[in-house]
Amino acid sequence: MKKISILGSTGSIGTQTLDVVRNLPGEFKICALAANSNVELFSKQIEEFKPELAVLADEDAYKKLKAEKNFDATELAGGRQAFIDAAGYGDAEIIVTSMSGFAGLEPTVKAIQYGKNIALANKETLVAAGELVINLAKKFKVKILPVDSEHGAIFQCLQGENHDALEKILLTASGGPFRGKTADELQNVTVNEVLAHPTWNMGKKITVDSASLVNKGLEVIEAHWLYGVDYDKIQVVVHPQSIIHSMTEFKDGSIIAQIAAPDMRLPIQYALTYPNRLPSPIKRLNFWDIKSLTFEEPDLKTFRGLKLAYDAGKIGGSMPCILNAANEVAVNAFLRGRIKFLQIYDVIENALESHSVLRYPSIGVLKMEDASVRILSEKFIKHHLEG
């Protein structure tokens, strides 16, 4: 029985991870669950999975849970530090990092320092601090097992292959709900239109990032660190059917693709059961029913976020952290109706242009840079974009 902890258990990836655990009875034991503030769902998860430790980062939510419930087999804790500490708790072998945003960096680092393998769903960790995190993983002999669809696919395509023979990563993208649209057509799109992703069911933040192609840019930076591939050898291919989840091209011209129905439970399960493959309830593909698989070049002029991410990644240092922080602020502002969809790019560009690159920043420095960019971006939105 493999022992796991899940950070971000009430979010999209967290709930699907628990679905994987539910569908493989006897394979996993939950050591710790941690979430932000969803007391009702979190309480149900504790009752069903009976973790040794359950943490709510939000202090008020923790107090509410503790006042309303008593779990005989589970220790309760609350607050941001308790959430971080949960990453190193007990004898868990794998920590699923499914929380959203830059807030995932410190818990991931904590887990690595405690020698825990990482099932990585929090891409912002590698975007903001890729070099630091990869070096720590090497130092503590920790595996980083990618959970998201594209990197899970690349990881599978590389199994049994000589990494030195890898020539190119072909990172697929659905194109989101606005594939083929022009900037003029996107001027006044609504939040509901942005959140209507054609193939994937995800949380709000990542769905907005998918529509803007910023998410694909973050994945490009993540791929650079996960697989040690230069940015010029990471090619984004728009594939609207979302059946080929990514590909690897080798020096001899061979291309290996990972193909499956679009279901996040598959890469989650493979990360948790690696190197084994166990039965899964996901829908099986019937190739007689697939009429076509199509591929397109991404529109970098309209969806500027992808190019901004490539540029930030190539500059390196603290620049990807700045990109990520500005994007988080911009997406939140868009979801609250403060700015328009395309203005997300304006917020990111302003932050990148205002930033002086710092080489080899520590976690402490990155935290300060992240906080500084959030303030800068809020001021830019308030004084230049709102109203």
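As a convention, each chain's residues are numbered from 1 in the sequence order in which they are written. Given that the model is predicted, a residue must reach a pLDDT of at least 70 before its local features are reported, and side-chain atom pairs must reach 80 or more before they are shown or counted; all residues, however, enter totals for whole chains, interfaces and linings. Note that the side-chain values use all heavy atoms of the structure and ignore hydrogens as well as water.

**Student:** Help me understand the sheet that holds strand 3 (residues 53-56), please; the structure alone is not making it clear to me.
**Tutor:** Any two strands between which DSSP finds at least two bridges are classified as paired. Segments assigned H or I by DSSP are reported as helices when at least four residues long, segments assigned E as strands when at least two residues long, and all are numbered from the N terminus. Spatial strand order, 4-3-2-1-5-6-7: seven strands in an open sheet with parallel pairing. At either margin of the open sheet sits one strand with a lone partner, and together these are strand 4 (75-78) and strand 7 (144-146). Averaged over neighbouring strand pairs, the angle between their axes works out to 20° when direction is ignored. Pairs of residues are marked as contacts when any of their non-hydrogen atoms sit within 4.5 Å. Orientation is described by lines fitted to C-alpha atoms, with helices fitted over the stretch in contact, and by angles between N-to-C directions that extend from 0 to 180 degrees. Where helix 3 (residues 59-68) meets the sheet, it contacts strand 3 and strand 4, and its direction lies at approximately 150° from that of strand 4.

**Student:** How do you make sense of the pattern of salt bridges when you look at a structure like this?
**Tutor:** Pairs can form between side chains of opposite charge once their charged atoms are near each other. For this document, the term salt bridge refers to a Lys or Arg side-chain nitrogen within 4 Å of an Asp or Glu carboxyl oxygen. The tally for this structure, following the rule as stated, stands at 25 salt bridges. Salt-bridge contacts for E296 lead to R179; the nearest nitrogen and oxygen are separated by 2.5 Å. Pair noted here: E296 is in the loop between helix 11 (265-273) and helix 12 (304-315) and R179 is in the loop between strand 8 (166-173) and helix 8 (191-194), with a separation of 117 residues, a long-range link. Partly exposed describes any residue whose relative accessible area lies between the buried limit of under 20% and the exposed limit of over 50%, with all areas from a 1.4 Å probe on protein chains only and scaled to the type maximum. We classify E296 as partly exposed; its relative accessible area is 33%. With a shortest N-O distance of 2.8 Å, R374 and E328 are connected by a salt bridge. Note that R374 is positioned in helix 15 (residues 363-385) and E328 in helix 13 (residues 319-335), a separation of 46 residues in sequence.

**Student:** For this particular structure, what's the right way to read the packing of helix 13 against helix 14 (residues 343-354)?
**Tutor:** A pair of packed helices is captured by two measures, namely the crossing angle of their axes and the spacing between those axes. The interhelical angle for the contact between helix 13 and helix 14, taken along N-to-C directions, is 150°, at an axis separation of 8 Å. Between helix 13 and helix 14, the crossing angle belongs to the class labelled roughly antiparallel. You can see that helix 13 and helix 14 cross each other, and the crossing is right-handed. Across from M319, I322, L323, A326, N327, A330, V331 and F334 in helix 13, the residues of helix 14 making contact are I344, V347, I348, A351 and L352. Partitioned by chemical class, the residues of the contact of helix 13 with helix 14 number 12 nonpolar, one polar and no charged. What sets the label is the angle itself: under 35 degrees gives roughly parallel, over 145 gives roughly antiparallel, 65 to 115 gives roughly perpendicular, and the rest give oblique. Each crossing is labelled by how the near helix is turned from the far one, with a counterclockwise turn of less than a right angle marking it left-handed and a clockwise turn marking it right-handed. In this classification, the charged set is Asp, Glu, Lys and Arg, the nonpolar set is Ala, Val, Leu, Ile, Met, Phe, Trp, Tyr, Cys and Pro, and all remaining amino acids, among them Gly, are polar.

**Student:** Just checking my understanding: could you explain unusual backbone geometry for this structure?
**Tutor:** As a rule of thumb, non-glycine residues mostly have phi less than zero, and peptide bonds are mostly trans rather than cis. The amide bond that connects Y274 to the next residue, P275, takes the cis arrangement and shows omega of 10°. If you trace the backbone, P275 turns up in the loop between helix 11 and helix 12. We note that K50 has phi near 50°; this positive angle belongs to a residue other than glycine. Relative to the helices and strands, K50 is located in the loop between helix 2 (39-49) and strand 3. When its relative accessible area of 51% is taken as the criterion, K50 is described as exposed. Of note in the backbone geometry, S242 takes a positive phi value of approximately 55° without being a glycine.

**Student:** Would you explain helix 10 (residues 214-227) in this entry?
**Tutor:** One fewer than the residue count of a helix, multiplied by 1.5 Å, yields its expected span. If you check helix 10, its first and last C-alpha atoms are 20 Å apart, about what 14 residues at 1.5 Å a residue would give, namely 20 Å. For helix 10, a buried count of 13 out of 14 residues is recorded, marking the element as mostly surrounded by other parts of the structure. Backbone geometry just after helix 10 places G228 at a positive phi near 60°.

**Student:** Got a minute to help me understand the nonpolar core in this structure?
**Tutor:** For soluble globular proteins, the rule of thumb is that nonpolar side chains tend to be buried together. We call a set of buried Ala, Val, Leu, Ile, Met, Phe, Trp, Tyr and Cys residues a nonpolar core when their side-chain atoms join them within 4.5 Å. With 123 residues, the main nonpolar core has Y227, L272, L323, I339, F341 and I344 as its most contacted residues. It is helix 13 that provides the largest number of residues to this core, a total of 11 residues. In this view, I344 contacts V208, N327, A330, V331, F334 and I339; residues no more than four positions away in its chain are not counted.

**Student:** Hey, could you run me through the packing of aromatic side chains in this one?
**Tutor:** Both the distance between ring centres and the angle between the ring planes are used here to describe each pair of aromatic rings. Only centres within 6.5 Å qualify two rings of Phe, Tyr or Trp (six-membered ring in Trp) as a pair; their planes then separate them into stacked at under 30 degrees, edge-to-face at over 60, and tilted for everything else. If you walk through the whole model with that rule in mind, you get five aromatic pairs. Pairing F178 with F341 gives two aromatic rings, centres 5.5 Å apart and planes at 65°, and the pair type is edge-to-face. One end of the pair, F178, is in the loop between strand 8 and helix 8; the other, F341, is in the loop between helix 13 and helix 14, and 163 residues separate them in sequence. You can call F178 buried: its relative accessible area is 6%. Judged by centre distance (5.8 Å) and plane angle (75°), the rings of Y270 and Y274 are edge-to-face. Judged by its relative accessible area of 22%, Y274 is partly exposed. Feature note: the residues F155, Y270 and Y274 constitute an aromatic cluster, connected by ring pairs.

**Student:** How do you make sense of the packing of helix 1 (residues 12-23) against helix 2 when you look at a structure like this?
**Tutor:** Between helix 1 and helix 2, the least distance of the axes is 13 Å, while the angle of their chain directions is 20°. With respect to each other, helix 1 and helix 2 are oriented roughly parallel. In terms of crossing hand, the pair formed by helix 1 and helix 2 is left-handed. Between helix 1, through T15, L18, V21 and R22, and helix 2, the contact on the second element is made entirely by L41, Q45, E48 and F49. Here the contact of helix 1 with helix 2 is composed, by residue class, of four nonpolar, two polar and two charged.

**Student:** Can you walk me through the sheet that holds strand 11 (residues 255-259) in this structure?
**Tutor:** In any sheet, the strands associate via hydrogen bonds between backbone groups, in a parallel or an antiparallel arrangement. Across the sheet, four strands lie side by side as 9-8-10-11; this open sheet has mixed pairing. Strand pairing shows two members of the sheet lacking a second neighbour, strand 9 (234-238) and strand 11, which therefore form its edges. This sheet shows a mean twist of 20° between the axes of neighbouring strands, independent of strand direction. Two elements, strand 10 (residues 244-250) and strand 11, share five bridges in a ladder whose sense is antiparallel. Directly across from M247, in strand 11, lies its bridge partner A257. The strands that helix 10 touches are strand 8 and strand 9; relative to strand 8, the one it contacts most, it runs at about 155°.

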